[in-house]
Structure formats: C-alpha cells, structure tokens
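# Observations on chain architecture
The lines below spell out each chain.
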Amino acid sequence: MADQKWFRAKRFGWGWTPATIQGWIITILAALFVAWFTIVYLQRLRDPLFNPIVSTIIYLVLVSTVSISLMIICFKTGEKPRWSWPASTQTNRSRGNKKRKKS
C-alpha cells in the first residue's frame with residue numbers, strides 16, 4: 001500500500017487525476033484553499049482601506065503557492081505525467097496534415 005500512487009497520469013492531455021483517497025483529499029484541500037483565498041480577495045477589493053494592487057499581488061502569490069505545491073505533491077506521489085491523445089484524434093490530425101495533390 002505504501003508504493004500506491006496517489007495520482008495517475010491523465011488519459012487525455014498532460015497532467016494528473018486523483019487515483020486514491022489521499023489524492024482526492026489533497027485535490028479538494030487545494031480547491032478549498034483557492035476558493036477561500038478568492039472569497040477573501042473579493043471582500044478586500046470592496047474595502048476602501050485596502051490597496052487593490054497589493055491585494056491582487058497577495059492573492060496571486062497565494063494561489064500560485066497552492067498550485068505549485070499541488071504540482072510538487074503530484075510529481076512526488078503520482079505517475080510520471082505524459083502527453084496523450086485519443087487514437088481517433090491522432091488519426092484525424094495526421095490525415096489533415098497531408099499535403100493534397102493539385103489536379
């Protein structure tokens with residue numbers, strides 16, 4: 001159980017998706033933190049005592065910190081991410097890239 005991956009590589013695109021209860025807990029906590037930061041940020045924007053530029057910088061730093069922390073956790077506890085497309089999309093894209101002969 002100790003070597004079980006919390007996050008698995010996404011089936012389409014690049015990134016991760018939660019694979020265990022630990023992965024879901026981390027993902028939900030990250031979303032709750034971002035939601036809380038957003039609520040506080042929006043309340044501070046309405047308050048004339050707070051500088052909106054400073055509030056925006058603080059908000060962006062906090063959201064970036066949560067996002068980077070989540071990515072680090074995913075890298076350490078998840079599968080190696082990879083870029084993947086569905087087979088039908090790859091086929092359609094390769095057909096569209098062929099040069100057509102002029103008649």
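Structure shown above.
Anyway, here's the lowdown on the structure attached to this text. These numbers were taken from a predicted model, which means no experiment stands behind them. (Residues numbered from 1 in each chain as written. Predicted model: local features only at pLDDT ≥ 70, side-chain atom pairs only at ≥ 80, totals over all residues. Heavy atoms only, no water.)

## What to know about the overall build of the chain
Operational definition: Segments assigned H or I by DSSP are reported as helices when at least four residues long, segments assigned E as strands when at least two residues long, and all are numbered from the N terminus. Accessible surface is estimated by sampling points in the Shrake-Rupley manner with a 1.4 Å probe; for residues, cover comes only from the protein chains shown.
On a plain count of helices and strands, the chain comes out with three helices and two strands. Helices (α) and strands (β) of the chain occur, in sequence order from the N terminus, as β-β-α-α-α. Of the accessible surface of the chain, which amounts to about 8500 Å², a share of 65% is contributed by carbon and sulfur atoms.

## A closer look at the packing of aromatic side chains
This is how it is decided: Two aromatic rings from Phe, Tyr or Trp, using only the six-membered ring of Trp, form a pair when their centres are within 6.5 Å; if the ring planes differ by under 30 degrees the pair is stacked, by over 60 it is edge-to-face, and anything between is tilted. Any residue under 20% of the maximum accessible area for its type is buried, any over 50% is exposed, and the rest in between are partly exposed; the area is computed with a 1.4 Å probe on protein chains only.
As enumerated under the stated definition, the model contains four aromatic pairs in all. Aromatic pair W16 and F75: ring centres 4.9 Å apart, planes at 75 degrees, arrangement edge-to-face. You can see W16 sitting in strand 2 (residues 16-18) and its partner F75 sitting in helix 2 (residues 52-77), a full 59 residues away along the chain. Here W16 falls in the buried class, since its relative accessible area comes to 15%. Overall, F75 belongs to the partly exposed group, its relative accessible area being 48%.

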